[in-house]
Amino acid sequence: MTVQKIMVIGAGQMGAGIAQVCAQAGYQVLLYDQDALAVKSGLTSIEKRLERAVAKERMTEADKDKTHNLLQRANDIQEAEQVDIVIEAVIENMNVKQEIFKQLDSIVPAHTILATNTSSLPITEIAAVTKRPEKVIGMHFMNPVPVMKLVEIIRALQTDDETYQTIADVTKQLNKTSVEVNDFPGFVANRVLMPMINEAIYTVYEGIATPEDVDTVMKLGMNHPMGPLTLADFIGLDTCLYIMEVLHEGFGDSKYRPCPLLRQYVQAGWYGKKSGRGFYTYE
Ligand code: CAA
Ligand code: NAD
């Protein structure tokens, strides 16, 4: 299948990054969010990153302009009627995602693939609310999208081979490496990463060490580029909690229980970097 136009739904940190890499790879991109301000700030953050790339001589002014011209805001989800692929990157909540997929299913043409950037939710369950389950697939980018090389591609039970192949080809075109994984809670990335982050939060909760010291242990002791609490703040503590809940419910194993401190921070609205406060405070 030839892909020319992609719509990204959700202009938060992931959606904006996905829109950027798609435009840089030469696709026409529509960026949509229910919050018009999120689209505006998403496009501003992309523009700043492109300018920085030009300043660092990693991109020419002409390529920046080309990328810029390929990116457009969508004012209505109805504009999905023009696209070949939709990549959904809204909050990690099954009800919200299913509602969007139902709506998209009635808007987009028959050939359009509906992909989700969910971190952990069952793709099979999202696919099941559409009349095109064979064209639904997980396309899990890593944060920050413009920097991280990996995309996990997750087939729903219903996904057909053509859909998988198209998404694998697009991922290659984005200059990313894909790994195919099966549809189980947390896939591979968050099945492995999130329990580590949750355990790091337990070490703070139990008074074993401060967030700074936990992060230092993992950075200097294990050569991680970011300590787990800095990384949790970077991912978003709301997203971390959603993922732990999916693992806990999906496997029914108490080893995945979210740390009460994580739950409390989210209740307080301390979502990490995006809200200005998490384990650390941000300007
Ligand atoms: N968006 C775009 N680019 C960014 C960025 C962002 N948010 N943050 C940093 N960068 C770029 C910088 O512009 C810089 O590029 P240039 O040198 O070309 O300008 C480059 O990344 C390195 O940045 P810095 O020198 O400022 O900082 P750093 O060397 O510490 O690297 C980092 C930053 C790449 C984020 C690094 O700290 C890192 O790899 N951290 C771990 C990230 C990680 O684990 N991501 C996966 C999270 S889990 C996930 O995504 C799955 C999920 O479902 C939750
Ligand atoms: P975010 O909070 O930064 O952005 C979410 C955006 O979705 C917001 O702008 C919000 O306005 C928008 N939104 C919410 N409901 C919507 C709706 N019904 N219609 C349209 N837009 C809506 O979140 P994020 O960190 O970008 O995460 C987005 C998705 O990507 C989640 O599924 C998350 O699990 C996944 N993900 C996150 C990371 C990460 O590190 N943060 C990494 C990989 C995957």
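That block above? That's the structure.
This is a predicted model, so every value here is computed, not measured.

Examining the packing of helix H7 (residues 189–205) against helix H9 (residues 228–235)
Then, number 1: Between H7 and H9, whose axes approach to 9 Å, the crossing angle comes to 115°. Here H7 runs over H9; the crossing is left-handed. Of H9, the residues touching H7 (which contributes Leu193, Met194, Met196, Ile197, Ala200, Ile201 and Val204) are Pro228, Leu229, Leu231, Ala232 and Ile235.
Then, number 2: Counted by class, the contact of H7 with H9 contains twelve nonpolar, no polar and no charged residues.

Quick word on the site of ligand 2
Then, number 1: Asp33, Glu92, Lys97, Ser119 and Ile235 are the nearest of the 25 residues found near ligand 2.
Then, number 2: With respect to ligand 2, the side chain of glutamine 34 contributes an N or O atom lying 3.2 Å from a nitrogen atom.
Then, number 3: Within the backbone of valine 90, one N or O atom sits 3.1 Å away from an oxygen atom of ligand 2.
Then, number 4: Protein contact buries 88% of the 840 Å² of open area that ligand 2 shows by itself.
Then, number 5: Of all the secondary structure elements, the ones that give two or more residues to the shell around ligand 2 are helix H1 (13–24), helix H4 (94–107) and strand E6 (136–141).
Then, number 6: Considering each element in turn, the shell around ligand 2 owes the most residues, three residues, to H4.

A look at unusual backbone geometry
Then, number 1: In this model, asparagine 143 is joined to proline 144 through a cis peptide bond whose omega is 0°.
Then, number 2: Residue position: proline 144 is located in the loop between E6 and strand E7 (150–155).
Then, number 3: The backbone phi angle of glutamate 57 is positive, close to 60°, even though this residue is not glycine.
Then, number 4: Within the fold, glutamate 57 resides in the loop between helix H2 (36–55) and helix H3 (61–70).
Then, number 5: Backbone geometry at asparagine 175 places phi at a positive 65°, although glycine is not the residue there.
Then, number 6: Structurally, asparagine 175 can be placed in the loop between helix H6 (161–173) and strand E8 (177–181).
Then, number 7: Accessibility expressed as a relative area gives 55% for asparagine 175, which makes it exposed.

Let's talk about the sheet that holds strand E2 (residues 28–32)
Across a sheet, paired strands are connected by hydrogen bonds in the backbone, their directions being either parallel or antiparallel.
Then, number 1: Spatially, eight strands are ordered E3-E2-E1-E4-E5-E6-E7-E8 in an open sheet, and the strand pairing comes out mixed. Whereas interior strands pair on both sides, the edge strands pair on one side only; in this sheet they are strand E3 (71–73) and E8. Neighbour to neighbour, the strand axes of the sheet diverge by 25° on average, direction disregarded.
Then, number 2: Direction of pairing for strand E4 (residues 85–88) relative to strand E5 (residues 113–116): parallel, over a ladder of four bridges. When the bridges of E5 are listed, glutamate 88 appears paired with threonine 116.
Then, number 3: The sheet contacts of H3 involve E2 and E3, and relative to E3 the element is tilted by about 30°.

Cut-offs and rules
Within each chain, residues carry numbers counting from 1 in the order of the written sequence. All chains are assigned letters beginning at A, and all ligands numbers beginning at 1, according to the order in which they are written. Whole-chain, interface and lining totals are the exception, using all residues; otherwise, since this is a predicted model, local features are given only for residues with pLDDT of at least 70 and side-chain atom pairs are given and counted only at 80 or more. Hydrogens and water are ignored here; the side-chain numbers use all heavy atoms of the structure. To get an axis, fit a line to the C-alpha atoms, keeping to the stretch in contact for a helix; angles then go from 0 to 180 degrees between the N-to-C directions. A run of H or I in DSSP becomes a helix once it reaches four residues, and a run of E becomes a strand once it reaches two; helices and strands are each numbered from the N terminus. Take the far helix as your reference; a near helix turned counterclockwise from it by less than a right angle gives a left-handed crossing, and one turned clockwise gives a right-handed crossing. For this analysis, residues touch if any pair of their heavy atoms sits within 4.5 Å. Only Asp, Glu, Lys and Arg are considered charged in this grouping, and only Ala, Val, Leu, Ile, Met, Phe, Trp, Tyr, Cys and Pro are considered nonpolar; every other residue, Gly among them, is considered polar. Any residue with a heavy atom lying within 4 Å of a molecule or strand is counted as near it. By the criterion applied in these results, polar contacts are pairs of N or O atoms within 3.5 Å in which, for protein atoms, one can donate a hydrogen and the other can accept it, and in which residues neighboring in sequence qualify only through two side-chain atoms. Computed with the Shrake-Rupley method and a 1.4 Å probe, the accessible areas treat only the protein chains shown as cover for residues. Burial status follows relative accessibility: with a 1.4 Å probe on protein chains alone, a residue under 20% of its type maximum counts as buried, one over 50% as exposed, and anything between as partly exposed. Paired strands, in this sense, are two strands between which DSSP finds at least two bridges.

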